[in-house]
Amino acid sequence: MTKKTKPLLILVDGSSYLYRAFHALPSLTNANGDPTGAVLGVTNMLNRLFQDYDTPHIAVVFDAKGPTFRHEQYDQYKANRPPMPDELRQQIDYIHDIVRALGLPLLQVPGVEADDVIGTLAVQARGAGMKVVVSTGDKDLAQLVNEDVTLEDTMKNAVMDGDAVLDKFGVRPDQIIDYLGLVGDTSDNIPGVPKVGPKTAAKWLADYDSAERLIEHRDAIKGKVGESLRDNIDQLKLSCELATIKLDVDLDATPDSLKIGQQDVAKLIELYQTLDFKSLLRGLPEASDIPIETNVAAPEKHYETVLTQARFDAWLSQLKSAKVFAFDTETTSINYMDAQIVGVSFSVDAGIAAYVPVAHRYAGAPKQLSCDTVLNALKPLLEDPHVAKIGHHLKYDAHVLRHYDIELRGIDYDTMLESYVLNSTATRHDMDSVAKRYLGVDTIHYEDVAGKGAKQLTFDEVPLEEAGPYAAEDADITLRLHQALWPQLEEQKALSSVYAEIERPLVPILLDMEHNGVLLDIEMLNELSVEFASIMQKLETEAFNAAGQEFNLGSPKQLQEILFEKQGLPVIRKTPKGQPSTAEDVLVELALDYPLPQLILDYRSLSKLKSTYTDKLPLQANAGTQRVHTSYHQAVAATGRLSSSDPNLQNIPIRTPQGRRIRQAFIAPKGYTLLAADYSQIELRIMAHLSADEGLTRAFAEDRDVHRATAAEVFDMPVDAVTNDQRRSAKAINFGLIYGMSAFGLAKQLNITRHAAQEYVNVYFERYPGVQDYMDRTRAQAKEQGYVETVFGRRLYLPDINARNGQRRQYAERSAINAPMQGTAADIIKRAMLAVHDWLVTSGADARLLMQVHDELVLEVAHRELDAVREEVVKRMCGAAELNVPLKVDAGTGMNWDEAH
């Protein structure tokens, strides 16, 4: 006789869903500007439950408005919890409407919490012979877990049974109430017992089994924590009561009556349209005939995989007669130095595209045209600067074509850059994301045809039945994206100028820089790795001695135990999970008074240098050139700054001696010198220009030390009398204001009182009133139009500038002030690169650009031409922008990057 499977009841903790979705997702809005992120998150989590569980019994439980019985027990219950953010409150009705339209029972019971309703139903369901899954992220509900009741965290894809509760908290489910009573809960303002943390609570409950027995044996607990327990017995009992979920709530519904009803599809369609949930709308079969708004109508698709010379010739004829065509390569690697061409695709008309495979090598692959035949035929077209090409991230394709002796010219339209210049923050700028936003198209993803993870195929292994449509779609979508994006750029002259005069011309320059690479002293890096390892070993031994035991220096958990439990160091800050933080800034503060944190900091610093640079850089060097060939990214940083990867040149440290030694491994080849030219205080100069403040402008015009000049103003003394400490304080003020630092942040940085820091800021604005006017004006402008602009017209959108969420709004306000300076600095360094590169080409100088890092350009220059090149580079960098204060460039030279810097 087979054992009958118990029916399953799903209880959704709607209140937990609300907050988790709100904080996990970005600040999404619909076309009317209404916040929608939490609604989308909750809806997606509910839909996932439908997919994961096949049961008719499900209910969604929310907290009701108003106080509960716990507020009567303890008037400070949840007193510290901030009110629900307005952005979330606006979404509650939508969430409730969607829950009901999905046919789900929705429960709210006044006077109790959602947890109590869930607990009562879980007990009733178990008594009725049902299994229960509670979908939540709330730890309090762990007390309900037993052989018939489990918790599921949909965000973490984790199921919690009794063993998982024991593993996570160190106590059994039936001990969770006592555990919470001991530890307390800051989010609910349950006081707990002072000085008792999770480990202590778990140990006591392991020893005494319950809070009741612990109280009976309270005199056996030694030390200060024992005193705290004995002094807070009543508080412990109250905390246990507050943490106890009520299991006998009077309910109208029974577990068996909670069933999914008929969906109100018409209501769902109405809601999804109002909220701009296009993907969810498309997922409703009944809504399949509802058009999804896009900027460009979707054409019929006609994709062809070209395998014969005749069809290739026909396509070649079309390309030759076209004024512009979309082009893409398919390759064996995303590393441009290693990639080999597998095929090429192109499109001339929207919806019509072809893929020409040349190197698919799987078993049973059909005969393909040879790579030489195809590329030799395409070479004149690809190298013709008068035939415009459209591509998405064409710099990569240009790199690959160079391996085949083809110099891609006519790079007129790059849809990645078009999207980026149009709105850098609206979306990521990979093709899939851009197509989704501007065309409403879900493209074929690479993983769809090649698989994922360790078993992922290289493109030459993908069968043509799948590879052909994927590759042809790339060309088609690129063409359609250009048709959607370019008119929007042309409507805004400033943006089209940023694209045409800065971003697009920069592509071939970055291409050359990446191709050039920079020479590494690999032997030196290997020696540094050995040296760092030796120093780390000594630091580890010193740390063990200071701690009185061995431990893993890289483990935050073990470090917490050593620093805060064993050594009793003060807790500066806690993690979101309530554990003492061991973050770097915390250790820096502790290191002022205690030796072990400084040893940990020194060890961490060396460990990062070793793993990130001295160990890794030699592996990233190209075997043939002994150079590292980074990738510069134009469409990542919202402000227009370039970023780089593999390796990331922006993050190579310069503030420590060890960091500078890593820069010494970037060297010049025989017969050449490195030239590093760096803008001096460029963002402060841009601030002077934008604010037109007389005092700040005069300081730069007279080439004074602006930090010393600021110190003289703030501290009301002659410039000659300013001390180095006062200059340091003024520097912190100058740069702090640019980055939106508050008086609190300034006080912390300068180790002074908040009142003193506020006085510094007040005096600064009195002396430089133009800066205050600029900040006020910029914030107001950003709130009115939703964006700010650089001197050259680059637009920087701030979607949270009018957010009701205070943190997001304040961050957007700080960004509004800083972004025009960072963005203008980015535009200036890019314009400088254009000017320098143009001079290098026209002059025929034996020099080349190698790197762009922050506000610095690094070149490789033949010894004999060093003076002339340095003079011209400085001249062109200084002339990259006309501000009402002069640009200043410091240029140094050396046989390695550190010497030159």
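These notes cover the structure that comes with them.

Rules and cut-offs
- Residues numbered from 1 in each chain as written.
- Predicted model: local features only at pLDDT ≥ 70, side-chain atom pairs only at ≥ 80, totals over all residues.
- Heavy atoms only, no water.
- Phe/Tyr/Trp six-rings, centres within 6.5 Å; stacked < 30°, edge-to-face > 60°.
- Helix = DSSP H or I, 4+ residues; strand = E, 2+ residues; numbered from the N terminus.
- Buried < 20%, exposed > 50% of the residue type's maximum accessible area, 1.4 Å probe, protein only.
- Lys NZ or Arg CZ within 6 Å of the ring centre and 35° of its normal.
- Pairing = 2+ DSSP bridges.
- Axes fitted to C-alpha atoms, helices over the stretch in contact; angles between N-to-C directions.
- Parallel < 35°, antiparallel > 145°, perpendicular 65-115°, else oblique.
- Left-handed = near helix turned anticlockwise from the far one by under 90°.
- Contact = heavy atoms within 4.5 Å.
- Nonpolar A, V, L, I, M, F, W, Y, C, P; charged D, E, K, R; others polar.
- Core = buried A, V, L, I, M, F, W, Y, C linked by side-chain atoms within 4.5 Å.
- Salt bridge = Lys/Arg side-chain N within 4 Å of Asp/Glu carboxyl O.

1. What to know about the packing of aromatic side chains
Two measures describe an aromatic ring pair: the distance that separates the ring centres and the angle between the ring planes. Applying the stated criterion across every chain yields a total of 15 aromatic pairs. When the centroid spacing of 5.9 Å and the interplanar angle of 40° are considered together, the rings of Trp315 and Phe346 count as tilted. Of this pair, Trp315 sits in helix H14 (residues 309-321) while Phe346 is found in strand E9 (residues 341-349), placing the two residues 31 residues apart along the sequence. The residues Trp315 and Phe346 share a single accessibility class, namely buried. Seen from their ring centres, Phe459 and Tyr470 are 5.6 Å apart, and the 45° between their planes marks the pair as tilted. Here the residue Phe459 occupies a position in the loop between helix H19 (446-450) and helix H20 (464-490), and Tyr470 occupies one in helix H20, the gap between them amounting to 11 residues. In terms of burial, Phe459 and Tyr470 fall into one category: buried. Put simply, the rings of Tyr355, Tyr446, Phe459 and Tyr470 touch in pairs and so form one group of aromatic residues. When the ring centre of Trp897 is taken as reference, the NZ or CZ atom of Arg663 above it lies at 3.8 Å.

2. So, the pairing of strand E5 (residues 149-153)
For E5, the tally of buried residues reaches 4 of 5 residues, placing the bulk of the element in the interior. As paired strands, strand E4 (residues 131-135) and E5 are joined by 4 bridges and run parallel to one another. Within the sheet, the bridge partner assigned to Val134 lies in E5 and is Leu151. As judged from the 3 bridges shared by E5 and strand E6 (residues 158-160), these two strands associate in the antiparallel manner. Bridge pairing in E6 places Glu152 opposite Val159.

3. Side note on the sheet that holds strand E13 (residues 518-520)
Reading across from one edge, E14-E13-E17 is the order of the 3 strands in this open sheet, with antiparallel pairing throughout. Edge strands, defined here as strands with exactly one partner in the open sheet, are strand E14 (627-628) and strand E17 (666-667). Sheet topology places E13 next to E17; 2 bridges connect them, and they run antiparallel. The residue bridging Leu520 from the neighbouring strand is Phe666, located in E17.

4. Things to note about the packing of helix H18 (residues 431-439) against H20
It is at 10 Å that the axes of H18 and H20 come closest, and there the two elements cross at 55°. With respect to their mutual orientation, H18 and H20 come out oblique. Every pair of crossing elements has a handedness; the one defined by H18 and H20 is left-handed. Contacts between H18 and H20 involve Met431, Val434, Ala435, Tyr438 and Leu439 from the first element and Asp474, Ile477, Thr478, Arg480, Leu481, Ala484, Leu485 and Gln488 from the second.

5. Considering the sheet that holds strand E1 (residues 8-13)
Remark on secondary structure: sheet strands pair via backbone hydrogen bonds, oriented parallel or antiparallel. One open sheet holds the 6 strands; their spatial order is E3-E2-E1-E4-E5-E6, and the pairing between them is mixed. The strands lining the two open edges of the sheet, one partner per strand, are strand E3 (106-107) and E6. Across the sheet, helix H5 (residues 114-127) is in contact with E1, strand E2 (57-61), E3, E4 and E5; its angle to E1 comes to roughly 175°.

6. Regarding the pairing of strand E21 (residues 847-853)
Within E21, 6 of the 7 residues are buried, which leaves the element mostly enclosed by the surrounding structure. Relative to strand E22 (residues 856-862), E21 is paired through 6 bridges, and the arrangement is antiparallel. Within E22, the residue paired with Val853 across the bridge is Glu856. The antiparallel hairpin formed by E21 and E22 contains 2 residues in its connecting segment, where His854 sits at a positive phi of about 55°.

7. Observations regarding the packing of H14 against helix H15 (residues 371-383)
The interhelical angle for the contact between H14 and H15, taken along N-to-C directions, is 10°, at an axis separation of 11 Å. If you check the angle between H14 and H15, you find them roughly parallel. The residues of H15 that touch H14, namely those facing Gln309, Phe312, Leu316, Leu319 and Lys320, are Thr373, Val374, Ala377, Leu378 and Leu381. Tallied by class, the residues present in the contact of H14 with H15 amount to 7 nonpolar, 2 polar and 1 charged.

8. Section: the nonpolar core
Counting residues in hydrophobic clusters, the biggest one holds 121 residues, and the most contacted among them are Phe551, Phe666, Tyr679, Ile828, Met851 and Met877. Top element by residues in this core is helix H35 (residues 806-843). It accounts for 11 residues. Setting aside residues up to four positions removed in sequence, Met877 forms contacts with Ala677, Asp678, Tyr679, Ile829, Ala832, Val836, Asp855, Leu857, Leu887 and Val889.

9. Focus on the pattern of salt bridges
Under the defined criterion, the tally for this structure stands at 46 salt bridges. When the shortest N-O distance is used, the salt bridge between Arg361 and Asp460 registers 3.7 Å. Remark: Asp460 occurs in the loop between H19 and H20 and Arg361 occurs in the loop between strand E10 (352-357) and H15; sequence separation between them is 99 residues. Look at Arg361 and you get exposed, because its relative accessible area is 58%.

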